Amino acid sequence: MCGIVGYAGTRPALDVLINGLKRLEYRGYDSSGVALFFEGKIEIQKSQGKVENIERLLQQLPAERKNAYRVGIGHTRWATHGKPTTQNAHPHRTGHVVLVHNGIIENYLEIKQELIAKGHRPASETDSELFGFLVLDAMDGGLGLVEAVRMSFLRLHGSCSVVVMSEKEPGMVVGVRNGTPLVAAADEQGGGVIASDAQPIIEYSRDVYFLEDGDMVIATEKGLTFSEIRLGQPVRRTPIHVDWSIERLDKQGFDHYMLKEIHEQSVTVVDTLNEMLDRAKADPFPLAARPGAELLSSASDMTLVACGTSWHAALLGKYWLERFARVPVSVDYASEYRYREPVLQPRSVVVGISQSGETADTLAVIKDMKRRGVGTIGLTNVRGSTIAREVQASFHTSAGPEIGVAATKTFTAQMLSMLLWAGHLGVKRKTLPPTMAVRLFDDVIRLPLLLNDLLARDGALVRATKEIAEKVRNSKGFFFMGRGYSFPIALEGALKLKEIAYVHAEGYAAGELKHGPIAMLDESMTVVVIAPKDTWRDKSVSNLEEVRARGARIIGVGSAGDTQMERLSDFWIPVNTAGLDEGLSPFLTAPVVQLLSYYLAVLKGTDVDKPRNLAKSVTVE
Ligand code: M6R
């Protein structure tokens, strides 16, 4: 889950590395570092904490020196082996070899013992440093850098990527990918850049090579070359054109990326509709013809696997697919499913949902299902991501880059994609009556406008969530509760609050409260009751009364004009669900819990975009 950048070319390499690391900080920010060639020698700067610490260290260098670097590598770390200290920070030097690494070397103990027996003395606690000794020994044995990296990498077990340089061969950066992502692009001005994802790269080229497992890439001033590591043979790789604009990678006046991304959700809906649908067709839910649409149609049943927020989106996917398309759907945590013995039918389809497209557990399920010959679909927000490439058929959510670690707009894009699948299948299978399909689709088309109103920059929702956050900031704990479509939103609200505000919160199906958790309720607790006008609203109101009777403070989230809910709540947040199918309320209630968590986190003074201990792309088990 670390971030890697490497550059060899004609630009000032330090700028390429620092800008790149900032774009990759979402992957981990325990420590960071850079290594750069200067007059044939490699200079390393590293520090505990965020990339800004390295920038501060580098400020002491004279400007001419900073501009002189042309080749280097950088890293931002999410600690797995060894504490997040400066010593354990990457790049690691072993003699003339310097490297950065992302992932885990599973056989590191065996390699360490072997190296110690040879007389080597690793200086850090990391598994990464050991790789440097392997390369050093191979080069000292007569191999060139490329061949030494290749032979050494073949010794490793586990998923990882490395990027390596050596003072014996200045001007060259060598990267290898196996299991954790690595992408590369030829710099249009000459040279090549390598990174853990496309964000640091699109400034230099939109044509991005997504390396396959077992690929090696070499960047020099002349550009890029690719080979495979088994035999070292050259391979041809075709770039994928990435359509993200650089502007979308900036905060655009918002205090945090998360806030910007919450406010972008009406655009997300429009972009995802454009991506998923063939708008030239007049029928409701005209899913664009692609292999994934066929596979969905042929499924006898579906299993949706995901983690975290994506799992919450999957729960909603189940509700819609069951209701509109009458397909049996089960939802599983990828980390559980991968170790179970699921019962699958010949036409079962397993769907991996992941904004990053790299989550280790979700990917493992997809790979396993592929091996068993089960149909696999991916729903990711990153074109060319590993899950997108591993699955039989891939769908892309068009949320654009999401930089805040907390998933917000990608959640909306995932929900919408699955709703569109459900509507499309419902029409095809005739389980969704034509008039209802037309009405539902009209409602979907209204979502961007509704979200636009809801998320006006200084609008009522922003003001309400800010004020309420101030009033409940000292609560001992939070419960989020909802029924039906509001249950996954309750889970999501609690996850968001824990994740960015570090406040204890639990999400519950409202009916479950009295089976245990109600014992915790008293004046010190706040309960967020999500109950828009729908089939379950009256039952949720009864649960709200039970909460009131225990003295907990209530934040009611419901349909505008619901005076009973408003009266029963200590704080009231209305959303405009008028005339909307009840299945669509999550699109309006999700931004409420997102903003509430955001403003609570701001009041707590946490690092909203980079919450502690987390990373955006979870590529370890
Ligand atoms: O990239 P993925 O969607 O597979 O990630 C899954 C979870 O790690 C992710 O949703 C996580 O829970 C988010 N940080 C939640 O905001």
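What you see is a predicted model, and the numbers here were worked out from it, not measured in a lab.

A. Structural detail: the pairing of strand S18 (residues 375-380). The buried fraction of S18 is high, at six of six residues. The handedness of the strand S17 (residues 348-354) to S18 crossover, carried by helix H12 (residues 360-371), is right-handed. Where S18 lies against strand S19 (residues 393-396), four bridges are found, and the strand directions are parallel. Paired with Leu379 across the two strands is Phe395, which belongs to S19.

B. Molecular detail of the site of the ligand. Around the ligand there are 15 residues in total, and Ser310, Ser354, Ser356, Thr359 and Glu499 lie nearest to it. Residue Ala407 places a main-chain N or O atom 2.8 Å away from an oxygen atom belonging to the ligand. In the environment of the ligand, an oxygen atom lies 2.9 Å from a nitrogen or oxygen atom belonging to the side chain of Lys496. Surface burial for the ligand is 91%, taken as the share of its 420 Å² of free accessible area covered by protein chains.

C. Geometry of helix H15 (residues 434-454). Taking 1.5 Å per residue, 21 residues should reach 30 Å; H15 reaches 30 Å between its end C-alpha atoms and fits that length. Most pronounced at Arg446, the bend in H15 amounts to some 35 degrees, and the proline Pro448 follows within four residues. Restricting attention to buried positions, one finds in H15 the residues Ala437, Leu440, Phe441, Asp443, Val444, Leu447, Pro448, Leu450, Leu451 and Leu454. Against helix H8 (265-276), helix H10 (308-325), helix H14 (409-429), helix H16 (460-472), strand S24 (571-575) and helix H20 (586-604) lie the buried residues of H15.

D. Here's a closer look at the pattern of salt bridges. The tally for this structure, following the rule as stated, stands at 34 salt bridges. The partner of Lys318 in a salt bridge is Glu322, and the shortest N-O contact between them spans 2.8 Å. On the criterion of helical spacing, the pair formed by Lys318 and Glu322 is a turn pair, its members being four residues apart in helix H10. Overall, Lys318 belongs to the partly exposed group, its relative accessible area being 22%. Between Asp581 and Arg323 there is a salt bridge, with its nearest N and O atoms 2.9 Å apart. Placement of Asp581 in the loop between S24 and H20 and of Arg323 in helix H10 is noted, with a sequence separation of 258 residues between them. With relative accessibility at 16%, the residue Asp581 sits in the buried group.

E. The arrangement of the sheet that holds S19 in detail. Strand order in the open sheet formed by five strands is S16-S15-S17-S18-S19, and the pairing between neighbours is parallel. Pairing within the sheet leaves two strands with one partner each, and these edge strands are strand S16 (329-333) and S19. Within this sheet the neighbouring strands show an average axis-to-axis angle of 20 degrees, counted without direction. Bridge analysis of strand S15 (residues 301-306) against S16 gives five bridges, and the strand direction is parallel. Bridged to Thr303 within S16 is Ser330. The strands touched by helix H9 (residues 291-298) within the sheet are S15, S17, S18 and S19, with S19 carrying the most contacts at an inclination of about 110 degrees.

F. Here's a closer look at the packing of H10 against H14. At their nearest, the axes of H10 and H14 sit 8 Å apart, and the two run at 15 degrees to each other. Accordingly, the angle class assigned to the pair H10 and H14 is roughly parallel. Considering the relative orientation of H10 and H14, their crossing is right-handed. Facing Thr309, Ser310, His312, Ala313, Ala314, Leu316, Gly317, Trp320, Leu321, Phe324 and Ala325 of H10, the residues of H14 in contact are Phe411, Gln414, Met415, Met418, Leu419, Trp421, Ala422, Leu425, Gly426 and Arg429. Residue classes in the contact of H10 with H14 are distributed as 14 nonpolar, six polar and one charged.

Reading the values: rules and limits
- Residues numbered from 1 in each chain as written.
- Predicted model: local features only at pLDDT ≥ 70, side-chain atom pairs only at ≥ 80, totals over all residues.
- Heavy atoms only, no water.
- Buried < 20%, exposed > 50% of the residue type's maximum accessible area, 1.4 Å probe, protein only.
- Helix = DSSP H or I, 4+ residues; strand = E, 2+ residues; numbered from the N terminus.
- Right-handed = clockwise from strand over helix to strand, strands pointing away.
- Pairing = 2+ DSSP bridges.
- Near = heavy atom within 4 Å.
- Polar contact = N/O pair within 3.5 Å; in protein donor to acceptor, adjacent residues only side chain to side chain.
- Areas by Shrake-Rupley, 256 points an atom, 1.4 Å probe, with all protein chains shown as cover.
- Expected span 1.5 Å × (residues − 1).
- Bend = angle between axes of the 7 residues up to and from the residue.
- Contact = heavy atoms within 4.5 Å.
- Salt bridge = Lys/Arg side-chain N within 4 Å of Asp/Glu carboxyl O.
- Axes fitted to C-alpha atoms, helices over the stretch in contact; angles between N-to-C directions.
- Parallel < 35°, antiparallel > 145°, perpendicular 65-115°, else oblique.
- Left-handed = near helix turned anticlockwise from the far one by under 90°.
- Nonpolar A, V, L, I, M, F, W, Y, C, P; charged D, E, K, R; others polar.

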